[in-house]
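A look at the structure
The primary structure of each chain is shown beneath.
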Amino acid sequence: MKLIIAENYNEGSRKIADLFEAVIAEKKDAFLGLATGSTPEGMYKCLAEDFNAGKVDFSEVHTINLDEYLGPDRSHPQSFGYFMDKHLFSKVNIKQENIMLVDGAGKAEDEIKKYDSRLGEEPIDILILGIGENGHIGFNEPADFFVAGTHITELAEETIQANSRFFENIEDVPQKAVTMGMAGITNAKKIVLAAFGKKKAGAIKKLLSDDKVSPKLPCSILKLCRDVTIVVDKELYRCIENE
Ligand code: GLP
């Protein structure tokens, strides 16, 4: 795993956007794996800016998102589909039919089949991952085992707490989600794991501190993947060093 220590969030976001654009430049119909949350907002901003500047073209690009809450549909402001429309899809020339999202209001089994069949067609070319404070990736929470396929997952208490900042009341945070499993994630040809700020330092420190792979720290499965770049900022890195 390669580690990039960026000066700050903006520089880290720029570096990630550049990695994505390099893949699209090589393969105009690249299959991108996308994440939501505050971490990738900056990279989406860079991608939209570069699209406006004519530096990147999304007309042939295909995407798949990592996860979605069960319940809200794409028009719900807290759904991940809404987030993607707002931060990326409405700002670039991607075709609607090339976007794959979980419909949180749909029948979960159908959504799962749709995802696994798409992931079975081809591996993701480049995947951006954020990380939970507990080390989750997508919504693959710490557990006794890894789940390979797309599946329904119960959110961990700490994830509900962390994500409640996007909702008016903590009771409004959905308790279940559909997430891509570890097969879809680990089969990606290139993976970028991004973590900024001190809150994520604990998870990244655990990830880097040994050579173990454990479902108790879901991100540790990335140690089995061929091409992983971890992008952190100096604020996070200082915390790791000083602890
Ligand atoms: C959410 C998502 C993850 C994301 C993580 C971190 O629960 N399911 O895919 O990486 O939390 O979010 P943030 O970037 O807002 O810290």
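You'll find the structure just up there.
Right, let's walk through the structure included here. (Residues numbered from 1 in each chain as written. Predicted model: local features only at pLDDT ≥ 70, side-chain atom pairs only at ≥ 80, totals over all residues. Heavy atoms only, no water.)

What follows is about the overall build of the protein. Of regular secondary structure, the protein possesses 8 helices and 10 strands. Each principal axis of the C-alpha atoms in the protein carries an extent, and together these give about 45 × 40 × 35 Å. Each of the 243 residues in the protein was classed as buried or not, and the buried ones make up 52%. Within the protein, contacts between residues at least 6 apart in sequence are counted, and of these 79% link residues at least 24 apart. Averaging the positions of the 30 positive and the 40 negative side-chain charges in the protein gives two centres separated by 4 Å. (Helix = DSSP H or I, 4+ residues; strand = E, 2+ residues; numbered from the N terminus. Buried < 20%, exposed > 50% of the residue type's maximum accessible area, 1.4 Å probe, protein only. Contact = heavy atoms within 4.5 Å. Lys, Arg positive; Asp, Glu negative; His and termini not counted. Charge placed at Lys NZ, Arg CZ, Asp CG, Glu CD.)

A few words on the sheet that holds strand E7 (residues 151-154). What links the strands of a sheet is backbone hydrogen bonding, and the strands pair in either a parallel or an antiparallel sense. Read across the open sheet, the 3 strands follow the order E4-E8-E7; overall the sheet is antiparallel. Two strands in the sheet have a free side with no partner beyond their single neighbour: strand E4 (67-69) and E7. Across this sheet, the average inter-strand angle for adjacent strands is 30°, counted without regard to direction. Both E4 and strand E8 (residues 176-179) contribute to a ladder of 3 bridges, which runs antiparallel. By the bridge assignment, Glu-68 is partnered in E8 with Val-178. (Pairing = 2+ DSSP bridges. Axes fitted to C-alpha atoms, helices over the stretch in contact; angles between N-to-C directions.)

A few words on the site of the ligand. Around the ligand, 14 residues are found, and the nearest of them are Ser-38, Thr-39, Asp-67, Arg-165 and Lys-200. At 2.8 Å from a nitrogen atom of the ligand is found a side-chain nitrogen or oxygen belonging to Asp-67. (Near = heavy atom within 4 Å. Polar contact = N/O pair within 3.5 Å; in protein donor to acceptor, adjacent residues only side chain to side chain.)

Remark: helix H1 (residues 9-26) packs on helix H2 (residues 41-52), axes separated minimally by 8 Å, with the N-to-C direction vectors making an angle of 55°. One element, H1, and the other, H2, form an angle in the oblique class. Between H1 and H2 the crossing geometry is right-handed. Together, Tyr-9, Ser-13, Arg-14, Ile-16, Ala-17, Phe-20 and Glu-21 of H1 and Glu-41, Gly-42, Met-43, Cys-46, Leu-47, Glu-49 and Asp-50 of H2 make up the contact between the two elements. Across the contact of H1 with H2, the residue classes break down as 7 nonpolar, 2 polar and 5 charged. (Parallel < 35°, antiparallel > 145°, perpendicular 65-115°, else oblique. Left-handed = near helix turned anticlockwise from the far one by under 90°. Nonpolar A, V, L, I, M, F, W, Y, C, P; charged D, E, K, R; others polar.)

At a minimum axis separation of 9 Å, helix H7 (residues 201-209) and helix H8 (residues 234-242) run at an interaxial angle of 60°. With respect to each other, H7 and H8 are oriented oblique. Our pair here, H7 against H8, has a crossing hand that is right-handed. Contacts from Ala-201, Ile-204 and Lys-205 in H7 reach Leu-236, Cys-239 and Ile-240 in H8. When its residues are assigned to classes, the contact of H7 with H8 shows 5 nonpolar, no polar and 1 charged.

Structurally, Arg-118 is set in helix H4 (residues 108-121). A residue is classified by how much of its surface remains accessible, and Arg-118, at 11% relative accessible area, is buried. Side chain to side chain, Arg-118 and Glu-121 meet in a polar contact 2.9 Å long.

To continue, consider a nonpolar patch on the surface. On the surface, Met-1, Leu-3, Ile-5 and Leu-208 cluster together into a nonpolar patch covering about 310 Å² of accessible area. When you line up the elements, Ile-5 lands in strand E1 (residues 2-6). (Patch = residues over 30% accessible without salt bridge, like charges linked within 9 Å, V, L, I, M, F, W, Y side chains within 5 Å. Areas by Shrake-Rupley, 256 points an atom, 1.4 Å probe, with all protein chains shown as cover. Salt bridge = Lys/Arg side-chain N within 4 Å of Asp/Glu carboxyl O.)

The next point concerns the side chain of Glu-68. Along the chain, Glu-68 falls in strand E4. In terms of polar contacts, Glu-68 uses its side chain to reach the backbone amide nitrogen of Phe-80, at 2.9 Å.

Another point: the pattern of salt bridges. Under the counting rule described, the total for this entry stands at 18 salt bridges. When the shortest N-O distance is used, the salt bridge between Arg-14 and Asp-18 registers 2.9 Å. Taken as a pair, Arg-14 and Asp-18 lie in helix H1 at a separation of 4 residues, close to a single helical turn. Arg-14 is the salt-bridge partner of Asp-50, the closest N and O atoms lying 2.7 Å from each other. With a gap of 36 residues between them, Asp-50 in helix H2 and Arg-14 in helix H1 connect regions that are remote in the sequence. The network of salt bridges with shared partners includes Lys-27, Arg-118, Glu-121, Glu-122, Asp-125 and Lys-189.

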